Amino acid sequence: MARIKQKGKAGAAKAYMTRSAAVKKLQCSLADFRRLCILKGIFPREPKNKKKANKGSTAPTNFYYAKDIAYLAHEPVLKKLREHKAFAKKLARALGRGEWSSAKSLEENKPVYRLDHIIKERYPTFIDAVRDIDDALCMIFLFASLPSDSKVSPSLIENCARLAAEWQLYVMHTHSLRKVFLSIKGVYYQAEILDQTVTWLVPYQFTQSIPTDVDVRVMLTFLELYQTLLGFVFFKLYTDAGLVYPPPLDTQKDEGAAGVGAFRLQESQNTPESAPPTTSVTADGKKISSKEVRQTIRSIAAGGTEEDVDMPNAESSTPDDDEDFVPQPSKTTQDVATLPTLQALSTLPQSTSKKLFAPYTFWLSRETSRPIFEFIVRSFGGRLGWPATLGSGSPFDESDESITHVIIDRPLIVRENESQEVRERRLRRKYVQPQWVVDCVNAGKILLEDLYAQGKTLPPHLSPFEDREGTYDPTIGLTGEDVAMDEESEVDDVDDDKEEEAERAALKAAAEATDASALRVAELEAEAAGVDFGTFEKSAKKARRKTQTKEASVEDEAESDMNKMMMSNRQRKLYERMKHGEKKRAAEVCSSLRPFIPSSYNSFLASNSRAKKAGYRERKETTSEIVVVLSMFLLLLLFRLASSRASLYSQHTSKYPRIMKALVTVCPLSLAKQHK
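All of the points below concern the structure found in this document. Just so you know, these numbers come straight off a predicted model, no measurement behind them.

## Quick notes on the overall build of the protein chain
Broken down by element type, the protein chain carries 29 helices and eleven strands. Per-residue burial for the protein chain yields a buried fraction of 27% across its 676 residues. In the protein chain, the proportion of contacts linking residues at least 24 apart, taken out of those at least 6 apart, comes to 61%. If you sum the accessible surface of the protein chain, you get close to 47,300 Å²; carbon and sulfur atoms cover 54% of it.

Here you go:
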């Protein structure tokens, strides 16, 4: 007998769990649950059927995998959070009772959790961690520029600034910077670390403020995870580069606002050996390493003899012999492409753009941003100096003869009282605007300084991250290729004329289509001519409406003819006389009211030479319809006046002179009789 399935015990109801059920199972607060999800990388899921996952309920809620919640139940951080909750209760009780000694001991033994195991779980390899530090760097640089308040402590901002400086030091030391873009949000940087592209955003040095609609607690939880991650990554990067981590900080320079220059890179004295540790065994009083054992086994297998083989002496073996690679001939006969080895890649010529600014020495003017251009210039091997107003630690002053470029961002001013020495110094140096430095980095070469000279209008600064075809290239106009563009535009105009003719032909075919097959052929022609489907559909609908109107008019005429045929001769003659009388009266009313139609309308119709004949005819028909309606109204008023007294004529004449004048022209005899 099969087992009976109970509702809510299998399927989506078992695989998913709501947030309230997860908080109840973990026995923690909602804030702690959010923190755990952020630290562990668990996020809500969207089930295929919410009603089944919520056990029949359709209330809106968030769902999580039940396995993820069970995974959180064994998290050491959750245990520390529970201990911290108990610690907060004990501390509040001790402070309330005035037990200061116990409160002090509780504060000293405060439970603190670590995130080292979470970093190892989420990033099994070092490359995974490097690939995922983009958001971490953006968050670090953001908090490094924020002011401290009740939510963001000064120690947290100081730690973020230290991590940001350590990252910049490593990029400058390894010359890993590749692209720079000055945007409205800030400065975008892109570096290449271990063949991985890392992009981050640095805000400008303005006074920042935390918006009220941003939950700082969530950002602080992410920042807590990112600080631990960057600590792991930076230690590995510095260690592999042979540097001491963390780099020593010069307190005197730091107090003088030296910025990144306050940190000093120091090479590590004890470099770890590249060879892996080998285990050794003792045989007959001699130490034999595991490598020697493996070499002996290989020699036995290659020789195929069963004779005793003397083990080599451990003292005579050198580590260089152990590390040698013995190439083996390939057994395949096919031509296989050889893969590049690490040794072959290291012998390739390096790109010269890494040392782009090495031959130059720069001087920063006081209105430029020192942190931005110090990082860029030093990352490409250049030397940089700045005045004392931008901070201490400048390697040279403004009078240094080795300065080749001055980065200045102020309008050009003609100085009359310049000395000969200052004038000669100005002529030796090149004064460029800050954009020149960034554009040189993105172009990978030194650009002409004339386009970026002081006081000149700068060329467009485009994003270097857009490498798609067809994007705007500002250098086309500067290299004199506008003539080719003009010729291309003329060819495009001719092509546009041909396309318009094809479109008109396709739309005409759609208007003349009578059945579904003809309409389909017209649609294919319109598609080949490049006509939009919406335009084609509108023209087809308009043509169908016209044909329907014509068919309806033809049907009405046919029906009237059939009715006449069913009448007798007497009835038909009477009907024709009635129609003739209606047309005659309408014509008389129109001719009598024509002098009272405004002359401006007639002149408008006469002078409007641009109007088409069909449009003019439509306006004329509309005018005749208005005249018929007015004539009917005036006829009713005429009959009422004919039966009234003669005094009514004078009264209406005073009130409605234009209408009465029209009535006199229409029927003067009847009104004359009433007047007598």
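There's more to say after this.
## Description of the pattern of salt bridges
Counted according to the given criterion, the structure contains 16 salt bridges. One salt bridge connects Glu-367 with Arg-410, and the closest N-O pair in it is separated by 2.9 Å. Note that Glu-367 is positioned in the loop between strand E8 (361–364) and helix H17 (370–379) and Arg-410 in the loop between strand E10 (405–407) and helix H18 (420–428), a separation of 43 residues in sequence. Exposure remark for Arg-410: the relative accessible area of 24% places this residue in the partly exposed category. Among the charged side chains, a salt-bridge network with shared partners connects Lys-40, Glu-75 and Glu-121.

## Thoughts on the environment of Leu-177
Note that Leu-177 resides in strand E3 (residues 177–182). The exposure class assigned to Leu-177 is buried, which follows from its relative accessible area of 0%. Each C-alpha atom of the pair Leu-177 and Val-198 lies 9.4 Å from the other, and the pair is 21 residues apart in sequence. Here Leu-177 is in contact with Val-171, Tyr-189, Gln-190, Ala-191, Trp-200, Phe-375, Ile-376, Ser-379 and Phe-380, once residues within four sequence places are set aside.

## Focus: the packing of helix H3 (residues 30–40) against helix H12 (residues 216–240)
Packing of H3 against H12 leaves a shortest axis separation of 10 Å and a crossing angle of 40°. As for the relative orientation of H3 and H12, their crossing is right-handed in sense. Contacts between H3 and H12 involve Arg-35, Ile-38 and Leu-39 on the former and, on the latter, Val-218, Thr-221, Phe-222 and Leu-225. Of the residues that constitute the contact of H3 with H12, the class distribution is five nonpolar, one polar and one charged.

## So, unusual backbone geometry
The phi angle of most residues is negative, glycine excepted, and most peptide bonds adopt the trans form. In this structure, the amide linkage connecting Tyr-245 to the following residue, Pro-246, adopts the cis form with an omega of -5°. In this structure, Pro-246 sits in the loop between H12 and helix H13 (251–255). At Ala-257, a position not held by glycine, the phi torsion is positive, near 60°. The residue Ala-257 is located in the loop between H13 and strand E6 (280–283) in this model. For Ala-257, a relative accessible area of 48% gives the class partly exposed.

## Examining the side chain of Ser-183
Relative to the helices and strands, Ser-183 resides in the loop between E3 and strand E4 (187–193). Of the polar contacts made by the side chain of Ser-183, one reaches the backbone nitrogen of Lys-185; its length is 3.4 Å. A distance of 2.8 Å separates the side chain of Ser-183 from the backbone oxygen of Gly-186, its partner in a polar contact. The residues touching Ser-183, leaving out its near neighbours within four places in the chain, are Tyr-188 and Tyr-204.

## Quick notes on the sheet that holds E8
Spatial ordering of the open sheet is given by E9-E8-E10-E11, a layout of four strands whose pairing is parallel. On the outer flanks of this sheet lie strand E9 (383–385) and strand E11 (430–432), each paired with one strand and no other. When the angles between neighbouring strand axes are averaged without regard to direction, this sheet yields 25°. Relative to E10, E8 is paired through three bridges, and the arrangement is parallel. Paired with Leu-364 across the strands is Ile-407, a residue of E10.

## Comments concerning the layout of surface pockets
There is about 820 Å³ of room inside the largest pocket. Lining the largest pocket are 32 residues, and of these Ala-161, Gln-205, Gly-259, Val-260 and Pro-371 lie nearest its centre. Of all elements in the fold, only helix H10 (134–144), helix H11 (154–174), E4 and H17 reach the threshold of two or more residues within the lining of the largest pocket. By residue class, the composition of the lining of the largest pocket is 19 nonpolar, six polar and seven charged.

Rules used in this analysis
Residues numbered from 1 in each chain as written. Predicted model: local features only at pLDDT ≥ 70, side-chain atom pairs only at ≥ 80, totals over all residues. Heavy atoms only, no water. Helix = DSSP H or I, 4+ residues; strand = E, 2+ residues; numbered from the N terminus. Buried < 20%, exposed > 50% of the residue type's maximum accessible area, 1.4 Å probe, protein only. Contact = heavy atoms within 4.5 Å. Areas by Shrake-Rupley, 256 points an atom, 1.4 Å probe, with all protein chains shown as cover. Salt bridge = Lys/Arg side-chain N within 4 Å of Asp/Glu carboxyl O. Axes fitted to C-alpha atoms, helices over the stretch in contact; angles between N-to-C directions. Left-handed = near helix turned anticlockwise from the far one by under 90°. Nonpolar A, V, L, I, M, F, W, Y, C, P; charged D, E, K, R; others polar. Polar contact = N/O pair within 3.5 Å; in protein donor to acceptor, adjacent residues only side chain to side chain. Pairing = 2+ DSSP bridges. 1 Å grid on protein atoms, 1.4 Å probe; cavity = no way out; pocket = protein on both sides within 12 Å on 5 of 7 lines; lining within 4 Å. Points joined across faces, edges and corners; volume = space filled by probe spheres on them.

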